[in-house]
Amino acid sequence: MQLEATGQPIRYRLKTGEEVTLRPGVPMELPDQAATRLLQKAPDKVRRVNDAAIPATCVTTLHAGSRITWEGADGNERRGTIDFLHCEADGTRWAFCTGLGGSWTAVNCKFVRAVQA
């Protein structure tokens, strides 16, 4: 099951001892049992993400600092560095980026073609 933080990042320790950090706008896959338990314990701090609404490039590969390539409205390839991510209520994900020339832009994640961590 995929979860993300609703506000501030939240750290959670799995029963295996592994510690994960959930961040807003960055879905993370957790074992179903752990995800269900976390949803019960902190329903105001995390939420389940609708798996069908997430473009493949937006799951856990996108994060602040990632360098991405996307297709612009004119069909040309563009590049930039992610400053932050945003998820709308309908599941639409946006990467807010600084472009190569220092310009700032919002990119719908469905147009992201490549990610460099």
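Preceding block: the structure.
Draft legend 1. Looking closely at the nonpolar core. Counting residues in each nonpolar core, the largest one holds 14 residues, and the members touching the most others are L3, Y12, L14, L22, L30 and L38. By residue number, the principal contributor to this core is helix 1 (residues 32–41), which donates 3 residues. One finds L62, I68, I82 and V107 within the second-largest nonpolar core, a separate group that totals 11 residues.

Draft legend 2. View of the pairing of strand 6 (residues 67–71). When strand 6 meets strand 7 (residues 77–87), the two strands line up antiparallel, connected through 5 bridges. The partner of T69 across the bridge, within strand 7, is R79. Where strand 6 folds back on strand 7, the antiparallel hairpin that results is connected by 5 residues, among which G75 adopts a positive phi of roughly 90°. As paired elements, strand 6 and strand 10 (residues 112–116) share 4 bridges and run antiparallel to each other. By the bridge assignment, R67 is partnered in strand 10 with Q116.

Draft legend 3. Focus on the sheet that holds strand 8 (residues 93–99). On the basis of which strands lie adjacent, the open sheet formed by 5 strands has the order 9-8-7-6-10 and antiparallel pairing. Pairing within the sheet leaves two strands with one partner each, and these edge strands are strand 9 (104–108) and strand 10. Along the sheet, successive strands turn relative to each other by an average axial angle of 40°, direction set aside.

Draft legend 4. Geometry of the packing of aromatic side chains. According to the stated counting rule, one finds 2 aromatic pairs in the structure shown. An angle of 10° between the planes, with centres 4.6 Å apart, marks the rings of F84 and F96 as stacked. With F84 in strand 7 and F96 in strand 8, this pair connects stretches of sequence that are 12 residues apart. Taking the relative accessible area as the measure of exposure, F84 reaches 42% and is therefore partly exposed. Both rings, one in F96 and one in W104, keep their centres 5.4 Å apart while their planes meet at 25°; by these two values the pair is stacked. The class for F96 is buried, based on a relative accessible area of 15%. Exposure remark for W104: the relative accessible area of 53% places this residue in the exposed category. By the ring-pair criterion, three or more aromatic residues cluster together here, those being F84, F96 and W104.

Draft legend 5. Structural context of the pattern of salt bridges. Summed over the entire model, instances satisfying the criterion amount to 7 salt bridges. Across the pair R93 and E4 runs a salt bridge whose closest N-O atoms are separated by 3.3 Å. Here R93 is found in strand 8, whereas its partner E4 is found in strand 1 (residues 2–5), with 89 residues between them in sequence. On the accessibility criterion, R93 (3% relative accessible area) is buried. Relative accessible area serves as the criterion here: at 2%, E4 is assigned to the buried category. For R79, the salt bridge is made with E77, and the minimal N-O distance between the two is 3.2 Å. Under the relative-accessibility criterion, R79 is labelled partly exposed at 48%. Among the charged side chains, a network of salt bridges with common partners joins E4, R47 and R93.

The rules behind each value
- Per chain, residue numbering runs from 1 following the sequence as it is written.
- With pLDDT at 70 or above as the cut-off, local features in this predicted model cover only qualifying residues; side-chain atom pairs require 80 or more to be listed or tallied, and sums for whole chains, interfaces and linings still use all residues.
- Values reported for side chains reflect all heavy atoms of the structure, with hydrogen atoms and water molecules removed beforehand.
- Only buried residues count toward a nonpolar core. Its members are Ala, Val, Leu, Ile, Met, Phe, Trp, Tyr and Cys residues joined through side-chain atoms within 4.5 Å.
- Whether a residue is buried, partly exposed or exposed follows from its accessible area with a 1.4 Å probe, protein chains only, as a fraction of its type maximum: under 20%, in between, or over 50%, in that order.
- Helix and strand assignments come from DSSP, with helices taken as H or I runs of at least 4 residues and strands as E runs of at least 2, each series counted from the N terminus.
- A pair of strands is considered paired only if DSSP assigns at least 2 bridges between the two.
- Only the stretch in contact is used when fitting a helix axis, every axis being a line fitted to C-alpha atoms; angles between N-to-C directions are given from 0 to 180 degrees.
- To pair, rings of Phe, Tyr and Trp, with the six-membered ring standing in for Trp, must have centres within 6.5 Å; the planes then decide the type, stacked if under 30 degrees apart, edge-to-face if over 60, and tilted in the middle.
- A side-chain nitrogen of Lys or Arg and a carboxyl oxygen of Asp or Glu constitute a salt bridge if their distance falls within 4 Å.

These figures come from the coordinates and say nothing about function on their own.
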